There are 2 protein chains.
Amino acid sequence: MTAEMFPKEKTIDLRKKHIGPSCKVFFSHDPIKIVRAKGQYMYDENGVRYLDCINNVAHVGHSHPMVVKAGAEQMELLNTNSRFLHDNLVQYAQRLQATLPEKLSVCYFVNSGSEANDLALRLAWEYTGHKDVITLDNAYHGHVSSLINISPYKFHQLANAEQSKSVHVALSPDLYRGNYRQDHPDPATAYADDVNNLIQKAHEKGHKVGAFIAESLQSCGGQVIPPAGYFQKVAQHVHQAGGLFIADEVQVGFGRVGTHFWAFQLQGEDFVPDIVTMGKPIGNGHPMSCVVTTREVAEAFKNSGMEYFNTFGGNPVSCAIGLAVLDVIEKEDLQGNALRVGGYLMRLLEQQKEKHPLVGDIRGRGLFVGAELVRDRVKLTPATAEAQDIIYKLKEQHILLSADGPHRNVLKFKPPMCFSEEDADMVVEKIDEILTDIEKALGLQMPSTVHTENGSHKRNVQPEENGCHHSNGIGHSRDTSQQHASQQNKRLRP
Amino acid sequence: MTAEMFPKEKTIDLRKKHIGPSCKVFFSHDPIKIVRAKGQYMYDENGVRYLDCINNVAHVGHSHPMVVKAGAEQMELLNTNSRFLHDNLVQYAQRLQATLPEKLSVCYFVNSGSEANDLALRLAWEYTGHKDVITLDNAYHGHVSSLINISPYKFHQLANAEQSKSVHVALSPDLYRGNYRQDHPDPATAYADDVNNLIQKAHEKGHKVGAFIAESLQSCGGQVIPPAGYFQKVAQHVHQAGGLFIADEVQVGFGRVGTHFWAFQLQGEDFVPDIVTMGKPIGNGHPMSCVVTTREVAEAFKNSGMEYFNTFGGNPVSCAIGLAVLDVIEKEDLQGNALRVGGYLMRLLEQQKEKHPLVGDIRGRGLFVGAELVRDRVKLTPATAEAQDIIYKLKEQHILLSADGPHRNVLKFKPPMCFSEEDADMVVEKIDEILTDIEKALGLQMPSTVHTENGSHKRNVQPEENGCHHSNGIGHSRDTSQQHASQQNKRLRP
């Protein structure tokens, strides 16, 4: 069975003609046409199967029958706006609330992570009466204009980036490459103090901080796991300044981290954000998202006098799909699977680190894992071209992985939550082979002693190539990829 | 068969507990619980049928089987992001393009009208390098922060509204209540000159105008039909200033106006906007939307160096649904139906105007119709309470209609496009009865001569109650509605 209407070349031509050229495809010099998908596997027009290691949107597995059924049945019955009462809306809100700390009890349903983060800012601005926002370096929070402003990952891409005067960029709490590392006695306090310094500087200019926003684990920023206790200390500083703490769970929520349902919970039970935003996995691909906040914030927003209406947000179909996703996570114990398989994957990758000099750091929680590649374990020189090479070679072997972070040198695992140990074995085995080839061609060997590796002494290397990349994820232009491929050829076939 | 999970009271309680209090329901003192819908009819939990005169989202009719089937089948196969090639995306873009003037050839798929209008602003800002935006009075363009800024309909609701210095509000081209009316020799030029004056004032302050944005027909602003030729003249001024013309078709596109597929086409074939945004009806309730622009604008946006990625936008399920909607519009000749039934509805309403002094103006195109109620046809005093009374009394008779506009005195018809002449007969008959009762209670009679009516001489009455309403559409708070009901009781039962 084929679901193809056009030959691939025609699809590419029509795309060039009618789709915005800023919208990139993966592997732009030889993009993939996918016609169906199931679980953690995607299939191209010739029936070739790809293992999907990157799609955190297809959270409970591509085309999950329970999700499809829930959506189809509700579409047949009713799909309308939330100005009418409907049980799906309130039942879904109740179910979501049960996964969260009690004080996070009021939901707003919207259509995308971007709409959620924009609304979170509106809530914070209204509640605090303050305009300034503190964001982390390399952060990505969405594509609407208010969020480009607070997304260094995006605005660094602009030739003539003009940073808003009301946005302050704090250090990314990166223990591998950041200002304060594993060997620092108290990186949580040191990174939180940086946020406090920004608050004080804003105050000196007569500004007031309305919100601190961070992904609970930085995703596009390079799979960064902030030290436990960091969020508590930041929240203390931000609250002191009259601001709110927004935890962006768009990429990392819904059980992905394995031990907890929400990634902010990794910081400890004593931490509760003021606002949580959700997105990507919430509807397994259906466009929906949510903002949850406290009664106090919600009432202040109401008291502004402005109604909030979102045409599609919280419609019965979206909520039926959201409910089905929660059911599947529970029924198939996908959070448990993320913990088990994620742990297994981390152990396999740690073995790669022991074997391959290019593997600088392995970090992750559950099925949110990063492998940072470096040319030099002391200088931490990003192995950007090598990371891209791995991604392209994996694609040739029908495995989809991406490289991200400010240097695009972090291999990023965030597969559908039904990912198995066999899948982990397969991808790591291929990575092993590719790394072996690359290192052989480059003449790289493991250092004879391990005590010179990262963590053994403090370094203050600053990111050198920040903003050098021009695309999100693994897509890049034909020119870049060809140039890259030819560089690789030179290196690998001297 | 019932699709109810909770008794209605429980649904209301859970909603109060878990849904943001800024999210209003229709008829808040006695909201409706809808459990299914078909065509232009919605059904409550007791099987009571409501005629839907307001839902322009359920464009081809609620739960249309062809749309449901297309969505369900594609969900079963694949739902992923647009970084993979897929035929649905390019086929849909091609089909959309075929409905538009040739130079509007490049599409960006997003998830909501708000995302579409925000992206339109980003395109205009990037292409022109100018920051200022001209918007119409009473306009509504969406709920994300950048759009609240350009939506007087929303920011007038705020107690302490602070208008952005880069936003300029032009006169609404309202021929009934605006500065220049039916009797003006050339209202198109007069209103366009107002836009030009704003441009000149912006220039005097050293500002530059990046965009003029307007709904092709103002919807929330009071079903306003701009005079033909107005957009051409505005576009001339805006282009001269280096800005772009954005036509917001979110509420009014996809054949609703009957004679044309897009409402901006009512202005004449010589008018082509630089950017068109689409939304609500595009997916018959499924969250999706689109921005279409010219190759030049799209290339300039690309040249900024920033990728545009939208997680859900343009996914195969959304595009399958979008294609099905286009198919149904064609197959069932819904554009033709809008023209025929809309014309019939207008004639029925015109008869009401001849009979009822409260009916000040009937205006519309196709199935986008407004009936403006006034207490005095010379002073144009808005009959706000009477309009609300009609809405509530129609609800008791199981007809859903809304009142909107800056004075909430415009009865607003924008039903699913399968609306029939029988439906029109039914709603107008009920309105006739209700108007008769209200006018009797108020002691209102038709003026003995008609030549003092609107249009016979120029008036410059300014809106007196702008910003007085606190909700979008017909929802309002329990307190307000009770107060209103008691006022009505006083008036109707003296």
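As recorded in an unreviewed UniProt entry, chain A goes by Ethanolamine-phosphate phospho-lyase and comes from Oncorhynchus tshawytscha. Regarding chain A, the UniProt comment filed under Cofactor (unreviewed entry) reads as follows: "pyridoxal 5'-phosphate". Among the UniProt annotations of chain A, the heading Sequence similarities (unreviewed entry) holds the following wording: "Belongs to the class-III pyridoxal-phosphate-dependent aminotransferase family."

As for the overall build of chain A
A count of helical and extended segments in chain A gives 14 helices and 15 strands. Here chain A holds 494 residues, and the buried ones make up 68% of them. Across chain A, every contact between residues at least 6 apart in sequence was considered, and the portion connecting residues at least 24 apart equals 74%. When the accessible surface of chain A is totalled, it reaches about 16900 Å², and 48% of it is carbon and sulfur.

Some points on the pairing of strand 15 (residues 410–413) of chain B
Looking along a regular strand, one sees the side chains alternate between the two faces of the sheet. Residues and elements named next belong to chain B. Side chains Val-410 and Lys-412 project from strand 15 onto one buried face, and the interleaved Leu-411 and Phe-413 project onto a second face that is buried too. With 3 bridges connecting them, strand 14 (residues 402–404) and strand 15 associate as antiparallel partners. Bridging from a neighbouring strand, Ser-402 pairs with Lys-412 of strand 15. Hairpin connection, strand 14 to strand 15: the antiparallel pair is bridged by 5 residues, and Gly-405 has positive phi, about 90°.

Some thoughts on the sheet that holds strand 10 (residues 289–293) of chain A
Residues and elements named next belong to chain A. Ordered by their spatial adjacency, 7 strands build an open sheet running 4-10-9-8-7-5-6, and the pairing between neighbours is mixed. Every interior strand has two partners, whereas the edge strands, strand 4 (106–110) and strand 6 (167–170), have only one. Strand after strand, the sheet turns through a mean of 20° between neighbouring axes, direction not considered. Where strand 7 (residues 209–215) meets strand 8 (residues 244–248), 5 bridges bridge the pair, whose relative direction is parallel. For Ala-211, the partnering residue across the bridge sits in strand 8 and is Leu-244.

Details of the sheet that holds strand 9 (residues 275–278) of chain B
Residue and element names in this part refer to chain B. If you trace the 7 strands from one edge of the open sheet to the other, you get 4-10-9-8-7-5-6, paired in mixed fashion. Looking along the sheet, the strands with just one partner apiece sit at the ends: strand 4 (106–110) and strand 6 (167–170). In this sheet, neighbouring strand axes are inclined to one another by 20° on average, regardless of whether the strands run parallel or antiparallel. With 4 bridges connecting them, strand 5 (residues 132–136) and strand 6 associate as parallel partners. Paired with Val-133 across the strands is Val-167, a residue of strand 6.

Quick notes on helix 12 (residues 384–396) of chain A
Residues and elements named next belong to chain A. Along its 13 residues, helix 12 runs 19 Å from first to last C-alpha, staying within 8% of the 18 Å computed at 1.5 Å per residue. Buried residues dominate helix 12, accounting for 11 of its 13 residues. For helix 12, the complete set of buried residues consists of Thr-384, Ala-385, Glu-386, Ala-387, Gln-388, Asp-389, Ile-390, Ile-391, Tyr-392, Leu-394 and Lys-395. Phi for His-398, located one or two positions after helix 12, is positive at around 70°.

Description of the packing of aromatic side chains
Scanning the model with the defined rule gives 36 aromatic pairs over all chains in all. On the basis of an interplanar angle of 65° and a centroid distance of 4.8 Å, the ring pair of Phe254(B) and Trp262(B) is categorised as edge-to-face. The class for Phe254(B) is buried, based on a relative accessible area of 0%. The ring of Phe309(A) is capped by Arg83(A), whose NZ or CZ atom sits 3.6 Å from the centre of that ring. Here the basic side chain of Arg49(B) rests over the ring of Tyr41(B), its NZ or CZ set 3.8 Å away from the ring centre.

Some details on the packing of helix 11 (residues 334–355) of chain B against helix 13 (residues 421–442) of chain B
Residue and element names in this part refer to chain B. Between helix 11 and helix 13, the shortest axis-to-axis distance is 9 Å and the interhelical angle comes to 15°. As judged from the angle between their axes, helix 11 and helix 13 are roughly parallel. Considering how the two elements wind past one another, helix 11 and helix 13 form a crossing that is right-handed. Residues Val-341, Tyr-344, Leu-345, Leu-348, Leu-349, Gln-352 and Lys-355 of helix 11 pack against Glu-421, Ala-424, Asp-425, Val-428, Asp-432 and Leu-435 of helix 13. Broken down by class, the residue content of the contact of helix 11 with helix 13 amounts to 8 nonpolar, 1 polar and 4 charged.

Some words on the relation of the copies chain B and chain A
One copy of the chain maps onto the other through a rotation about an axis followed by a shift along the same axis. Take chain B, turn it by 180°, move it 0.0 Å along the axis, and it overlays chain A with an RMSD of 0.0 Å. Seen this way, the second copy is the image of the first under a two-fold rotation axis. Relative to the rotation axis, the C-alpha of Ala72(B) is the closest in chain B, positioned 2.6 Å from it. A symmetric contact is evident, with 100% of the interface residues of chain B recurring at the interface of chain A.

A look at the interface of chain B and chain A
Facing the 105 residues of chain B at the interface are 105 residues of chain A. Buried area between chain B and chain A, summed over both chains or domains, comes out near 9400 Å², and the portion from carbon and sulfur atoms is 61%. On the surface where chain B and chain A come into contact, there are 2 salt bridges. Across the pair Asp87(B) and Lys33(A) runs a salt bridge, and its minimum N-O distance is 2.9 Å. At the surface where chain B touches chain A, the tally comes to 54 residue pairs in polar contact (both at pLDDT 80 or more). With 8 residues, the single largest contributor to the side of chain B that touches chain A is helix 1 (residues 8–18) of chain B. Of the residues belonging to the side of chain B that touches chain A, the class tally is 49 nonpolar, 36 polar and 20 charged.

Topic: helix 1 of chain B
Taken residue by residue, helix 1 of chain B has Thr11(B), Ile12(B), Leu14(B), Arg15(B) and His18(B) as its buried positions. Along the axis of helix 1 of chain B, the buried positions cluster into a sector of 165°, meaning they face one direction only. Seen from the open side of helix 1 of chain B, the exposed residues pointing more than 90 degrees away from its buried face are Glu9(B), Lys16(B) and Lys17(B). Those residues of helix 1 of chain B that are buried are in contact with helix 3 (87–98) and strand 4 of chain A.

Focus on unusual backbone geometry
All names here are of chain A. Within the chain, Phe-27 stands out as a residue other than glycine whose phi angle is a positive 50°. Positionally, Phe-27 belongs in the loop between helix 1 (8–18) and strand 1 (34–38). Overall, Phe-27 belongs to the buried group, its relative accessible area being 0%.

Remarks on the nonpolar core
One finds Leu411(A) and Leu411(B) to be the most contacted residues of the largest nonpolar core, which totals 270 residues. Each residue touching Leu411(B), except ones within four places of it in the same chain, is listed here: Val369(B), Gly370(B), Ala371(B), Leu373(B), Ala387(B), Ile390(B), Ile391(B), Leu401(B), Ser402(B), Ala403(B) and Ile431(B).

Describing the side chain of Lys395(A)
Residue and element names in this part refer to chain A. Locating Lys-395 in the fold gives a position in helix 12. Of the residues examined, Lys-395 reaches a relative accessible area of 10% and is grouped as buried. The contacts of Lys-395, once residues within four sequence positions are left out, are Phe-27, Asp-30, Ile-32 and Tyr-50.

Observations concerning the pattern of salt bridges
Residue and element names in this part refer to chain B. Scanning the model with the defined rule gives 35 salt bridges over all chains in all. The shortest N-O distance in the salt bridge between Lys-103 and Asp-274 comes to 3.8 Å. Placement of the pair is Lys-103 in the loop between helix 3 (87–97) and strand 4 and Asp-274 in the loop between strand 8 (244–248) and strand 9, with a sequence separation of 171 residues. In this structure Asp-274 comes out as buried when scored by relative accessible area, which is 7%. Two residues, Lys-355 and Asp-432, come together in a salt bridge whose shortest N-O distance is 2.7 Å.

Let's talk about the packing of helix 2 (residues 65–77) of chain B against helix 10 (residues 316–331) of chain B
A pair of packed helices is captured by two measures, namely the crossing angle of their axes and the spacing between those axes. Residues and elements named next belong to chain B. At a closest axis distance of 8 Å, the pairing of helix 2 and helix 10 adopts a crossing angle of 155°. By the angle class used here, helix 2 and helix 10 are roughly antiparallel. Relative to helix 10, the crossing made by helix 2 is right-handed. Here helix 2 contributes Met-66, Val-67, Ala-70, Gly-71, Gln-74 and Met-75 to the contact with helix 10, which in turn contributes Pro-316, Val-317, Ala-320, Ile-321, Ala-324, Val-325, Asp-327, Val-328 and Lys-331. Broken down by class, the residue content of the contact of helix 2 with helix 10 amounts to 11 nonpolar, 2 polar and 2 charged.

Conventions we followed
- Residues numbered from 1 in each chain as written.
- Chains lettered and ligands numbered in written order.
- Predicted model: local features only at pLDDT ≥ 70, side-chain atom pairs only at ≥ 80, totals over all residues.
- Heavy atoms only, no water.
- UniProt positions renumbered as here; feature names shortened; annotations may be inferred.
- Helix = DSSP H or I, 4+ residues; strand = E, 2+ residues; numbered from the N terminus.
- Buried < 20%, exposed > 50% of the residue type's maximum accessible area, 1.4 Å probe, protein only.
- Contact = heavy atoms within 4.5 Å.
- Areas by Shrake-Rupley, 256 points an atom, 1.4 Å probe, with all protein chains shown as cover.
- Pairing = 2+ DSSP bridges.
- Axes fitted to C-alpha atoms, helices over the stretch in contact; angles between N-to-C directions.
- Expected span 1.5 Å × (residues − 1).
- Phe/Tyr/Trp six-rings, centres within 6.5 Å; stacked < 30°, edge-to-face > 60°.
- Lys NZ or Arg CZ within 6 Å of the ring centre and 35° of its normal.
- Parallel < 35°, antiparallel > 145°, perpendicular 65-115°, else oblique.
- Left-handed = near helix turned anticlockwise from the far one by under 90°.
- Nonpolar A, V, L, I, M, F, W, Y, C, P; charged D, E, K, R; others polar.
- Least-squares fit on C-alpha atoms with pLDDT ≥ 70 in both.
- Buried area = accessible area lost by both parts, 1.4 Å probe.
- Salt bridge = Lys/Arg side-chain N within 4 Å of Asp/Glu carboxyl O.
- Polar contact = N/O pair within 3.5 Å; in protein donor to acceptor, adjacent residues only side chain to side chain.
- Arc of directions from axis to C-beta.
- Core = buried A, V, L, I, M, F, W, Y, C linked by side-chain atoms within 4.5 Å.

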